[in-house]
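# Residue-level structure breakdown
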Amino acid sequence: PNGTAAMCRASIEAALTDKDGAGRDLFEKINNAKNILGDTIEMMAHGSRLVTRDAIHRGDLMTLADIPSVLSATVRILNKLASP
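First, a word on scope: everything that follows refers to the structure included in this document.

Calculation notes
- Residues numbered from 1 in each chain as written.
- Predicted model: local features only at pLDDT ≥ 70, side-chain atom pairs only at ≥ 80, totals over all residues.
- Heavy atoms only, no water.
- Helix = DSSP H or I, 4+ residues; strand = E, 2+ residues; numbered from the N terminus.
- Rg over C-alpha atoms; globule rule 2.2 N^0.38 Å.
- Core = buried A, V, L, I, M, F, W, Y, C linked by side-chain atoms within 4.5 Å.
- Buried < 20%, exposed > 50% of the residue type's maximum accessible area, 1.4 Å probe, protein only.
- Contact = heavy atoms within 4.5 Å.
- Axes fitted to C-alpha atoms, helices over the stretch in contact; angles between N-to-C directions.
- Parallel < 35°, antiparallel > 145°, perpendicular 65-115°, else oblique.
- Left-handed = near helix turned anticlockwise from the far one by under 90°.
- Nonpolar A, V, L, I, M, F, W, Y, C, P; charged D, E, K, R; others polar.
- Expected span 1.5 Å × (residues − 1).
- Bend = angle between axes of the 7 residues up to and from the residue.

So, about the overall build of the protein chain. For the protein chain, the helix and strand inventory stands at four helices and zero strands. Counting from the amino terminus, the protein chain carries its helices and strands in the arrangement α-α-α-α. What you see for the protein chain is a C-alpha radius of gyration of 12 Å, in line with the 12 Å of a compact globule of 84 residues. Dimensions of the protein chain, computed from C-alpha atoms along their principal axes, come out at roughly 35 × 25 × 20 Å.

Here it is, written out as structure tokens:
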């Protein structure tokens, strides 16, 4: 589960950076990309950030029940960032 968390979080952060998502951390990058993401996708990005935070920074295991929603949110966020 933590590998999934790391992959999703890193993918979102890399995509935000590519879209000129300035900020010192993922929280700021998401906030600074609000005009690109829109309200719904921004909330998804923050939700994904919160769910994956403890797995990445504290080594806590993400629950198996969280994986489908984190993967789905990641795909929606990446699709939004990839769209013109």
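So, next bit.
Attention now moves to the nonpolar core. The nonpolar side chains of soluble globular proteins are, as a tendency, buried together. Membership of the largest hydrophobic core is limited to twelve residues, which are I12, A15, L16, L26, I30, A33, L37, I41, A45, A73, I77 and L81. Contributing elements (two or more residues each) for this core: helix 1 (2-18), helix 2 (26-32), helix 3 (34-57) and helix 4 (67-82). Other than its neighbours up to four places away in sequence, L37 contacts L16, I30, E42, K80 and L81. One finds A5, A55, M62 and I67 within the second-largest nonpolar core, a separate group that totals six residues.

It is worth spelling out the packing of helix 3 against helix 4 at this point. Two numbers describe how helix 3 lies on helix 4: the axes approach to 9 Å, and their chain directions differ by 140°. What the angle tells us is that helix 3 and helix 4 run oblique. The element helix 3 and its partner helix 4 pack so that their crossing is left-handed. Contact with helix 3, carried on its side by I36, L37, I41, M44, A45, S48, V51 and T52, involves V70, A73, T74, R76, I77, K80 and L81 of helix 4 and no other residues of that element. Residue composition of the contact of helix 3 with helix 4, grouped by class: ten nonpolar, three polar and two charged.

Moving on, we come to the environment of I12. Note that I12 resides in helix 1. Sequence spacing of I12 and V75 is 63 residues, and the spatial spacing of their C-alpha atoms is 9.1 Å. Contact partners of I12, with chain neighbours within four places excluded, come to L26, S48, T74, I77 and L78.

With that settled, consider helix 3. Each full turn of the α-helix corresponds to 3.6 residues, which orients residues three or four apart in the same direction. Taking 1.5 Å of rise per residue, 24 residues should cover 34 Å, yet helix 3 covers just 24 Å from first to last C-alpha, more than 12% shy of that figure. Where helix 3 bends most, the angle comes to about 85°, and this point is T40. The complete set of buried residues in helix 3 reads L37, I41, E42, A45, H46, S48, R49, T52 and A55. Residues of helix 3 that are buried in the fold lie against helix 1, helix 2 and helix 4.

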